[in-house]
Amino acid sequence: MTITVEQPGAAARLTPTFDGGALAAELDGVRQHAWQRQRIYGGQIGRASQVDWTCLALRSPGGDGARTDPGGPGPEDFADTPWSARTPRAREVLRSIPAPLRAVRYMALGPGTRSHRHFDMKYGPAWGVARLHVPLTTNPGAVLHLDGEEHRWQPGAFWFGDFSRDHLVANEGTEPRVHLVIDCLVAPELAELFPGAWRDFLLGGGAVLNRPATPLPGTPGEWECSFEVPETFTDWEEPDGAFLDPAVPRRRAAVQEKDGQLLLTYEGAAPIRLIHIEDGEFRYAGWSEERTVQLRRGGGGVVLRSRVGSTVRCLALPENHDPR
């Protein structure tokens, strides 16, 4: 039986603590490059920030050093960018995190800058994602307003924040506020970095716990198929479980082999690489197990799944017999 517990709050101080001064000194080697404005992601790279909020990516989809967005489902998973090689102390921090890493960015909030109040859809443990912060430079005027509380995280401290909740950041000081911001998938091992009540929450049904990838049985071509999928299942910010509504229109989807990989294509959308978990169930490259697709070799239908904490919603679909 799964035991669910209430989330202890919106933020948690993690272990260990890092050498904030050494991490900040490392910034000098990458500041000669002009950092770019942060961008959002919602199925594709979106608009740039309208305020002085800039980024430098250490990990990004495909290792693209010019990406400043957090990424999402696509043909490539996350990889180190060329900037990572120039930041060995930051790499040490990343190696200490016992979970699959997604986007990793230096994020700088300029003096006199204030973001708008917002929330980041599905960027929380309930959907299998954790956003971690290590502050590098700050000042008394730099503050995070998260879920009604003020936070002034100090250099070298290691923090988790649930940024699916209402928040804004402000820097009323005269120097930039720079954080190393790490997105990762929630795994059981990650819970060991959290205080006790948070471990109980993460392991007791409050989080989607992502499973490791496993080798694909058989050949990729044996998994090719096509089917009709509710169009809300192709929207990464759709309300949880909306794809179960029988009135939702459907779109054609196809799983095809390309260069030894399996790609899922929705009608009118860019392909998404599938990553095998187990028993024919796949998550999307760049995404968590918030949603998965389960296939059967040689036909036999498709099962769509979405997860929120320990809640799993399933929809079985018949397979078409023309994958092309």
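Every chain's residues receive numbers from 1 upward, in the order its sequence appears when written. Where local features are concerned, this predicted model is filtered to residues with pLDDT of at least 70; where side-chain atom pairs are given and counted, the filter is 80 or more; whole-chain, interface and lining totals use all residues. Think of the side-chain values as coming from all heavy atoms in the structure, minus any hydrogens and water.

(A) Representation of the nonpolar core. Among the buried residues, those of types Ala, Val, Leu, Ile, Met, Phe, Trp, Tyr and Cys that are joined through side-chain atoms within 4.5 Å form a nonpolar core. Any residue under 20% of the maximum accessible area for its type is buried, any over 50% is exposed, and the rest in between are partly exposed; the area is computed with a 1.4 Å probe on protein chains only. With 40 residues, the main nonpolar core has I97, Y106, L132, L180, I182 and F194 as its most contacted residues. For the purposes of this entry, the term helix denotes a DSSP run of H or I that reaches at least four residues, the term strand denotes a run of E that reaches at least two, and both are numbered from the N terminus. Every element with two or more residues in this core is listed here: helix 1 (20-25), strand 5 (53-61), helix 2 (88-95), strand 7 (101-109), strand 9 (129-137), strand 14 (177-185) and helix 3 (196-206). Beyond its immediate chain neighbours, meaning those up to four positions away, I97 contacts L132, F158, I182, C184 and L190. With 23 residues, the next largest nonpolar core counts F233, V255, L295 and L317 among its residues. Contacts are assigned to residue pairs with any non-hydrogen atoms lying within 4.5 Å of each other.

(B) Geometry of the sheet that holds strand 8 (residues 113-114). In this scheme, strands are said to pair when DSSP sees at least two bridges between them. Read from one edge of the open sheet, four strands run 8-13-10-11, paired in antiparallel fashion. Both edges of this open sheet fall to strand 8 and strand 11 (149-151), since each of them pairs with a single strand only.

(C) Spatial organisation of helix 2. Buried within helix 2 we find A90, V93 and L94. All buried residues of helix 2 fall inside an arc of 100° around its axis, so they share one side. Looking at the buried positions of helix 2, the neighbouring elements they touch are helix 1, strand 5, strand 7, strand 9 and strand 14. The directions considered for the arc run from the helix axis to the C-beta atoms.

(D) Structural context of empty space enclosed by the protein. Cavities and pockets were defined on a 1 Å grid built from protein atoms only: a cavity is a group of points that admits a 1.4 Å probe but offers it no way out, a pocket is an open group of points flanked by protein on both sides within 12 Å along at least five of seven lines, and a lining residue is one with an atom within 4 Å of any such point. Grid points are joined across faces, edges and corners, and a volume is the space filled by probe spheres set on the points. Evaluation of the coordinates by the stated rule reveals two cavities of 30 Å³ or more. Looking at the largest cavity, the residues that line it are T138, A142, V143, L144, H151, R152, W153, R177 and H179. Elements with a contribution of two residues or more to the lining of the largest cavity: strand 10 (142-146) and strand 14. Top element by residues in the lining of the largest cavity is strand 10. It accounts for three residues. Gly is put with the polar residues, along with every residue not named as nonpolar or charged; the nonpolar set is Ala, Val, Leu, Ile, Met, Phe, Trp, Tyr, Cys and Pro, and the charged set is Asp, Glu, Lys and Arg. In the lining of the largest cavity, the residues fall into four nonpolar, three polar and two charged.

(E) Representation of the side chain of H167 in the model. Inspection of the secondary structure assignment puts H167 in strand 13 (residues 167-171). A polar atom in the side chain of H167 sits 2.8 Å from the backbone oxygen of R165. Beyond its immediate stretch of four places on either side in the chain, H167 contacts H116, R117, H118, F119, D120, L144, H145 and L146. Here a polar contact means two N or O atoms within 3.5 Å. Within protein one must be a hydrogen donor candidate and the other an acceptor candidate, and residues neighboring in sequence count only if both atoms are side-chain atoms.

(F) Up close: the packing of aromatic side chains. Two rings belonging to Phe, Tyr or Trp (six-membered ring only in the last case) form a pair when the distance between their centres is within 6.5 Å. Interplanar angles under 30 degrees mark stacking, angles over 60 mark edge-to-face geometry, and anything in between is tilted. In total, this model carries 11 aromatic pairs according to the counting rule given. Look at W153 and W159: their rings are 4.9 Å apart centre to centre, the planes differ by 5°, and that puts the pair in the stacked class. Using a relative accessible area of 17% as the deciding quantity, one classes W159 as buried. Clustering of aromatic rings is evident, with ring pairs tying together F160, F194, W198 and F201.

(G) The side chain of R131, seen in detail. Inspection of the secondary structure puts R131 in strand 9. Among the polar contacts made by the side chain of R131, one reaches the side chain of D183 at a distance of 2.6 Å.

(H) Broad picture of the environment of Q7. Within the secondary structure, Q7 is located in the segment before strand 1 (11-13). Take Q7: its relative accessible area is 15%, and that puts it in the buried class. Separated by 118 residues in the primary sequence, Q7 and P125 have C-alpha atoms spaced 9.4 Å apart. With residues near it in sequence (within four places) discarded, Q7 still touches D162, R165, W198 and F201. There is a polar contact of 2.7 Å between the side chain of Q7 and the backbone oxygen of G9.

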